[in-house]
Amino acid sequence: MSNRNVSKGPALAYLFTFGLSLCGYAVDQECITRHEACPEHFQKTTFSPSYQEMIKNQPSTQASPVVVAVAAPKVSDDDQDGINNGIDQCPQTPKGYKVDIKGCPRSVTLHINFPFASNDLPVSSAREVEILTTFLQENPASIVTIIGHTDSIGIDERNQPRSEARAAALGEKLISNGIDKNRIKTSGQGAKNPIASNTTDDGRAQNRRIEIQIK
């Protein structure tokens, strides 16, 4: 009986040792029956990895995210003035014009009035002439038409050439400021188109004027 207990000791030791190994050996039943520790009869057993290792090592089943490049919406600007067609209130602005936020050519307003019977640009018009010159420089495609006017005093034979001379005075000043003469047209309308009453001094002063049209 005692010999039987002793012979089981080594077998249990082998069983304990190899049973806890990740890659161990299961004891062949024949060795146990013969009360022997015989490594040549041990069967190799492979243990499965843990669930965490399976998750960690499994091939990814998720497809890589597809990156789609979204093109920026195309901005239409047919007249190429820098204003989108959708908000351009002047969609056919000629090239060479500076435009406002609405897409329309910037306008310029002049107030040049002449003394009675005078064709000379008044000194007070210097600032107005500078504004017009700058506008034409910034808008090289523009053409300016200058129209001279007189009050109703005098006869048409004198008022007509005087109105033309007033327009020409501004045209010559623009040319001296560097504006191409081919961009300047002048004409006169005498006393035909008053903007105020010719019955008062103030009204007649307003009528002795020049107007401009820019295209």
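Residues numbered from 1 in each chain as written. Predicted model: local features only at pLDDT ≥ 70, side-chain atom pairs only at ≥ 80, totals over all residues. Heavy atoms only, no water.

Caption draft 1: Spotlight on the pairing of strand S4 (residues 184–188). Inspection of the sheet shows strand S3 (residues 144–148) paired to S4 by 5 bridges, in the parallel sense. Each residue of the ladder has a partner; that of Ile146, found in S4, is Thr186. Note on the crossover from S3 through helix H5 (residues 156–176) to S4: the handedness is right-handed. (Pairing = 2+ DSSP bridges. Helix = DSSP H or I, 4+ residues; strand = E, 2+ residues; numbered from the N terminus. Right-handed = clockwise from strand over helix to strand, strands pointing away.)

Caption draft 2: Here's a closer look at the state of the cysteines. Taken as a whole, this structure holds 1 disulfide when the rule is applied. Here Cys90 is linked by a disulfide to Cys104, with a sulfur-sulfur distance of 1.9 Å. Its torsion about the S-S bond being 85 degrees, the disulfide of Cys90 and Cys104 is classed as right-handed. Of the two residues, Cys90 sits in the loop between helix H3 (51–57) and helix H4 (126–138) while Cys104 sits in the loop between H3 and H4, which places them 14 residues apart along the sequence. (Disulfide = S-S within 2.5 Å.)

Caption draft 3: Region of interest: the confidence of the model for the protein chain. In the predicted model, the protein chain carries a mean pLDDT of 76, and 63% of its residues have values of at least 70. Taken together, the stretch residues 42–51 has pLDDT below 50 and engages in 21 contacts with residues farther than four places along the chain or on a different chain. (pLDDT = per-residue confidence, 0-100. Contact = heavy atoms within 4.5 Å.)

Caption draft 4: Region of interest: the pattern of salt bridges. Evaluated as defined, the whole model comprises 4 salt bridges. The partner of Asp201 in a salt bridge is Arg204, with the nearest N and O atoms 2.4 Å apart. Residue Asp201 and its partner Arg204 are located together in helix H6 (residues 201–207), separated by 3 residues, close to a single helical turn. Under the relative-accessibility criterion, Asp201 is labelled exposed at 59%. (Salt bridge = Lys/Arg side-chain N within 4 Å of Asp/Glu carboxyl O. Buried < 20%, exposed > 50% of the residue type's maximum accessible area, 1.4 Å probe, protein only.)

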